[in-house]
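# Overview (structure and organization)
The primary structure of each chain is shown beneath.
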There are 4 protein chains.
Amino acid sequence: MERSAKGSRERILAAAEEVFAAKGIDGARVDEIAHLAQVNKRMLYHYFNSKEDLYTYVLKVNFEKSLAAGKKAFSEKGDLKQQVAEAIRNYFYFLAANPNYPRLMAWEALQGGNYARKVLPEIWEEGLPSLKAILEEGVARGVFRPDLDLKQVLASITTLCSGYFTNKDILAILWEEDPLSPDNREKRLKHIIDLILRSIVI
Amino acid sequence: MERSAKGSRERILAAAEEVFAAKGIDGARVDEIAHLAQVNKRMLYHYFNSKEDLYTYVLKVNFEKSLAAGKKAFSEKGDLKQQVAEAIRNYFYFLAANPNYPRLMAWEALQGGNYARKVLPEIWEEGLPSLKAILEEGVARGVFRPDLDLKQVLASITTLCSGYFTNKDILAILWEEDPLSPDNREKRLKHIIDLILRSIVI
Amino acid sequence: MERSAKGSRERILAAAEEVFAAKGIDGARVDEIAHLAQVNKRMLYHYFNSKEDLYTYVLKVNFEKSLAAGKKAFSEKGDLKQQVAEAIRNYFYFLAANPNYPRLMAWEALQGGNYARKVLPEIWEEGLPSLKAILEEGVARGVFRPDLDLKQVLASITTLCSGYFTNKDILAILWEEDPLSPDNREKRLKHIIDLILRSIVI
Amino acid sequence: MERSAKGSRERILAAAEEVFAAKGIDGARVDEIAHLAQVNKRMLYHYFNSKEDLYTYVLKVNFEKSLAAGKKAFSEKGDLKQQVAEAIRNYFYFLAANPNYPRLMAWEALQGGNYARKVLPEIWEEGLPSLKAILEEGVARGVFRPDLDLKQVLASITTLCSGYFTNKDILAILWEEDPLSPDNREKRLKHIIDLILRSIVI
DNA sequence: GATGAATGAGAATTCATTCAT
DNA sequence: GATGAATGAATTCTCATTCAT
């Protein structure tokens with residue numbers, strides 16, 4: 001049993017993340033979370049006070065994970081183009097490795113970010129600070145187009161990356177393939193990088 | 001009273017679209033829909049049988065609207081690049097004019113397309129057939145890159161366009177501006193068109 | 001169309017009898033009755049005021065039909081035993097010919113006769129007056145047992161006859177045959193007559 | 001408070017049996033059952049899932065009670081006639097002691113046995129196996145008529161016995177006495193036994 | 001007489017939350 | 001920390017009945 005491997009609190013948190021990511025806060029059922037976490041429902045209230053608070057906490061934890069990932073300095077080897085590519089790749093594979101994250105963000109976005117706003121107004125997924133820095137340097141050095149609109153570029157990158165994961169089920173239907181297979185994932189990433197790079201170089 | 005201005009059925013449908021787009025099927029309340037439609041709750045069941053069926057019907061109507069819009073032949077003036085730009089512009093402004101549509105699709109996508117699948121497995125938003133045709137012609141004529149992966153390009157276009165609208169609330173927070181203002185909308189569209197065109201021409 | 005063959009009122013009455021007999025007053029749906037009668041639901045209220053009144057009226061009509069059948073003088077040929085047999089036969093085939101009647105009575109009996117009581121306290125299915133008379137005469141003439149308890153005998157006859165029809169579905173399951181087939185019906189009737197006659201003759 | 005005297009589950013079951021026996025599934029109200037059981041309505045769903053399932057479960061429990069009663073071996077003293085009388089008496093007093101049982105069966109019979117069929121297609125109230133055995137033995141030994149139709153005899157016995165209880169309210173009106181008074185009950189039983197015995201002996 | 005649309009009261013069912021232990 | 005049973009407030013859905021024409 002990995003029942004006691006993690007403590008109840010951790011199990012609840014993990015279960016909640018799973019269920020909220022799968023169904024959103026309105027579709028999620030407290031019973032399902034408790035059952036999945038193999039704890040008595042009461043414990044959930046013991047540790048997290050309410051469904052809403054639990055949800056908000058799950059968001060918080062995920063934001064922090066994402067921030068931490070964003071900050072992890074990546075090797076600054078290669079030219080700026082390569083660094084941009086690398087940053088996108090890092091972000092893309094962070095999403096792939098943490099599939100609950102983009103889904104949680106997507107549910108939250110549709111709800112106007114009301115829960116996220118309460119706890120973490122500042123963060124959200126601007127969280128590509130290193131990328132921003134590289135792009136700025138590229139512009140300064142004349143490697144990237146001088147008329148680059150950073151806001152737009154960053155929005156495009158995050159949308160393209162996270163959109164791939166939040167729309168996986170639909171793409172699976174349309175493409176009749178599994179978008180999450182390593183091959184397809186890599187193909188998609190290459191396409192996104194190509195798209196972005198072509199649009200920013202002079 | 002604009003009581004019987006539109007029939008109850010239409011009012012219910014309109015109200016349902018509004019509420020489902022705003023809150024998703026799980027967040028929506030039948031009472032709210034009935035109230036917004038200014039009808040007795042009973043009528044909702046009379047016309048649409050259940051909340052779920054009503055939701056599915058709203059999806060259906062929206063799919064059809066989108067298909068109709070996609071089919072509307074656009075002027076084939078200008079070169080192929082201009083035609084691509086025009087097709088993206090049409091799609092983008094269709095979403096802007098029908099803000100419920102991208103949101104409904106986004107909720108649905110997060111739920112794995114379970115409801116949509118029931119009604120219209122085939123459609124979804126591949127629905128950019130004219131665009132696909134233009135791209136193919138461009139490749140054939142040697143105007144666009146021969147190695148163009150249409151699937152990828154189309155996925156990027158739809159993701160970029162609809163992602164802008166489904167994430168509007170988050171962008172509003174990050175940018176501290178209204179993403180839906182005509183100016184910002186147009187600026188975003190131009191960015192997307194530029195991004196795509198640069199990536200497809202030789 | 002036999003739609004206009006009978007007037008709406010008659011069609012409603014016929015439909016109501018059918019549905020009430022099939023499902024009882026609580027299981028019956030006004031909508032189903034109206035639909036079966038091919039009339040607008042409003043007409044039902046026009047003619048019969050309420051579901052309850054309609055039900056009560058159906059009971060009344062059926063009581064009267066049964067009384068009328070019971071009064072129809074039967075040929076007084078043959079000895080008293082033959083006359084008893086004939087009376088039971090008449091009753092049994094009246095029930096067979098009017099399958100709604102025993103069912104309506106059975107639903108009503110389970111409900112304590114509350115609706116019937118309101119309108120027709122006197123009738124119910126004592127309605128075998130001719131039979132009663134024959135039995136009394138038989139006792140007087142010394143043909144039947146002097147210690148005959150008429151109440152008990154009549155109760156047995158009605159129970160045995162109507163019970164066969166109200167339990168038809170269960171018997172169908174147990175016997176794996178159709179209790180209402182002419183053969184089985186006749187066999188059952190013969191059994192009942194035999195049972196009763198043996199118990200009343202000296 | 002005899003609040004937890006019996007567990008809620010048992011109280012719900014008892015209350016449900018009472019209410020379903022009194023009013024049938026369509027006439028019964030979940031609220032009434034919950035109130036009678038002194039539990040929160042929610043518990044009913046917790047333990048039994050739905051009104052329909054609760055009803056089906058009540059049927060099941062009653063079937064089993066009846067089967068158990070039927071199996072209880074009765075003293076095989078006396079001749080076969082006495083044994084038949086004893087078996088009928090046992091059955092009759094089982095019904096008297098469990099008044100909900102014949103009523104539940106009667107409602108169910110009128111509905112075509114649709115719910116019972118789900119749970120226990122095989123049982124129903126053929127459940128007089130010991131009686132059947134005695135009758136067969138009697139025929140074999142030449143004590144009972146060789147042309148005895150067992151199916152018919154058993155149907156008559158069950159109909160006469162259970163019919164007495166399901167029609168009690170009507171008999172009360174007709175007879176202007178209480179059919180359930182010990183005296184009247186016993187008188188009725190004697191009549192039934194006499195009726196049956198006379199019809200089966202040679 | 002006849003109709004289709006509408007309604008309010010109520011019935012079944014669900015859900016987050018809390019109590020007693 | 002932990003638990004099973006319990007609850008009240010919604011929430012979805014149903015039904016007999018009535019209104020406007």
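Since the structure is predicted, the reported quantities are computational estimates derived from the model, not experimental observations. (Residues numbered from 1 in each chain as written. Chains lettered and ligands numbered in written order. Predicted model: local features only at pLDDT ≥ 70, side-chain atom pairs only at ≥ 80, totals over all residues. Heavy atoms only, no water.)

Before going further, it helps to examine the UniProt feature "DNA-binding region" (unreviewed entry) in chain A. Using the residue numbers shown here, the UniProt feature "DNA-binding region" (unreviewed entry) corresponds to residues 29-48 of chain A. Helix makes up 80% of residues 29-48 of chain A and strand 0%. Its end C-alpha atoms lie 15 Å apart. (UniProt positions renumbered as here; feature names shortened; annotations may be inferred. Helix = DSSP H or I, 4+ residues; strand = E, 2+ residues; numbered from the N terminus.)

Attention now moves to the pattern of salt bridges. Pairing of side chains with opposite charge becomes possible as their charged atoms draw close. Scanning the model with the defined rule gives 48 salt bridges over all chains in all. In this structure, Arg89(C) engages Glu186(C) in a salt bridge whose closest nitrogen and oxygen atoms are separated by 2.8 Å. Highlighted residues: Arg89(C) in helix α5 (residues 80-97) and Glu186(C) in helix α11 (residues 182-200), separated in sequence by 97 residues. For the salt bridge of Arg141(D) with Glu137(D), the shortest nitrogen-to-oxygen distance reads 2.3 Å. Note that Arg141(D) and Glu137(D) are positioned in helix α8 (residues 129-141) at a spacing of four residues, about one turn of the helix. By relative accessible area, which is 55% here, Arg141(D) ends up exposed. Among the residues examined, Glu137(D) registers a relative accessible area of 36% and is labelled partly exposed. When salt bridges with common partners are traced through the structure, they connect Arg145(A), Asp147(A), Asp194(B) and Arg198(B) into a single cluster. (Salt bridge = Lys/Arg side-chain N within 4 Å of Asp/Glu carboxyl O. Buried < 20%, exposed > 50% of the residue type's maximum accessible area, 1.4 Å probe, protein only.)

Quick look at the domain arrangement of chain A now. All names here are of chain A. By the assigned domains, chain A splits into domain 1 (1-48) and domain 2 (55-200). For domain 1 and domain 2, the distance between their C-alpha centres works out to 28 Å. Facing the 13 residues of domain 1 at the interface are twelve residues of domain 2. Interface area for domain 1 against domain 2, summed over the two sides, is near 1,100 Å², with a carbon-plus-sulfur share of 61%. Contact with domain 2 buries surface across domain 1, with Glu-17, Ala-21 and Ile-25 losing the most and accounting together for 49% of the total. Connecting domain 1 to domain 2 are one salt bridge. The shortest N-O distance in the salt bridge between Glu-17 and Lys-65 comes to 3.9 Å. (Domains from an automatic or database assignment. Contact = heavy atoms within 4.5 Å. Buried area = accessible area lost by both parts, 1.4 Å probe.)

Moving on, we come to the arrangement of the chains. In this view chain B stays clear of chain C, with the nearest C-alpha atoms of the two still 13 Å from each other. As for chain D relative to chain A, no contact occurs, and the smallest C-alpha gap between them is 13 Å.

What follows is about the protein's contact with DNA strand E. Around DNA strand E, the structure places 30 residues, and the nearest of them are Arg29(A), Lys41(A), Ser8(B), Asn40(B) and Arg42(D). In the environment of DNA strand E, a phosphate oxygen lies 3.2 Å from a nitrogen or oxygen atom belonging to the side chain of Tyr47(B). Listing elements by their share of the surface near DNA strand E, those giving two or more residues are α3 (41-48) of chain A, α3 (41-48) of chain B, α3 (41-48) of chain C together with α2 (30-37) and α3 (41-48) of chain D. Residue composition of the surface near DNA strand E, grouped by class: ten nonpolar, six polar and 14 charged. (Near = heavy atom within 4 Å. Polar contact = N/O pair within 3.5 Å; in protein donor to acceptor, adjacent residues only side chain to side chain. Nonpolar A, V, L, I, M, F, W, Y, C, P; charged D, E, K, R; others polar.)

Another aspect to go through is the UniProt feature "domain: HTH tetR-type" (unreviewed entry) in chain A. In this structure's numbering, the residues bearing the UniProt feature "domain: HTH tetR-type" (unreviewed entry) are residues 6-66 of chain A. From the first C-alpha to the last, residues 6-66 of chain A spans 22 Å; its make-up is 85% helix and 0% strand.

The subject of this paragraph is helix α9 (residues 150-166) of chain D. Residues and elements named next belong to chain D. Between its first and last C-alpha atoms α9 spans 24 Å; for 17 residues at 1.5 Å apiece the expected length is 24 Å, and the two agree. Of all 17 residues making up α9, 16 are buried, and the element is well covered by its neighbours. For α9, the N-terminal cap is Asp-149; the gap from its side-chain oxygen to the backbone nitrogen of Lys-151 is 3.2 Å. (Expected span 1.5 Å × (residues − 1).)

Quick look at the interface of chain A and chain B now. Across the boundary between the two partners, chain A contributes 44 residues, which contact 45 residues of chain B. Surface buried jointly by chain A and chain B totals about 3,900 Å² across both partners, of which 61% is contributed by carbon and sulfur atoms. Summed over the shared surface of chain A and chain B, the result is four salt bridges. Close ionic contact of Arg145(A) with Asp194(B) constitutes a salt bridge, the shortest N to O distance being 3.1 Å. Counting every contact that joins chain A to chain B gives 14 residue pairs in polar contact (both at pLDDT 80 or more). Those elements giving two or more residues to the side of chain A that touches chain B turn out to be α1 (8-27), α6 (100-110), α9 (150-166), α10 (168-175) and α11 (182-200) of chain A. Tallying contributions element by element places α9(A) first for the side of chain A that touches chain B, with nine residues. Split by residue class, the side of chain A that touches chain B holds 18 nonpolar, twelve polar and 14 charged.

Below, the discussion takes up the packing of aromatic side chains. Residue and element names in this part refer to chain A. Considering all chains together, one arrives at 42 aromatic pairs over all chains under this definition. Summarising the aromatic geometry, the rings of Phe-92 and Phe-165 are spaced 5.0 Å apart at their centres and angled 50° between planes, so their arrangement reads as tilted. Separated by 73 residues along the polypeptide, Phe-92 in helix α5 (residues 80-97) and Phe-165 in helix α9 bring together distant segments of the chain. By relative accessible area, Phe-165 is classed as buried at 5%. (Phe/Tyr/Trp six-rings, centres within 6.5 Å; stacked < 30°, edge-to-face > 60°.)

Turning to the protein's contact with DNA strand F, a few remarks are in order. Around DNA strand F lies a shell of 30 residues, among which Lys41(B), Arg42(B), Lys41(C), Ser8(D) and Asn40(D) are the nearest. At the protein interface, 57% of the atoms of DNA strand F within 4 Å belong to sugar or phosphate. Contact distances for DNA strand F include 3.2 Å between a sugar or linking oxygen and a side-chain N or O atom of Tyr47(A). Within the side chain of Lys41(B), a nitrogen or oxygen atom sits 2.6 Å from a base nitrogen of DNA strand F. Secondary-structure elements contributing two or more residues to the surface near DNA strand F are α3 of chain A, α2 (30-37) and α3 of chain B, α3 of chain C together with α3 of chain D.

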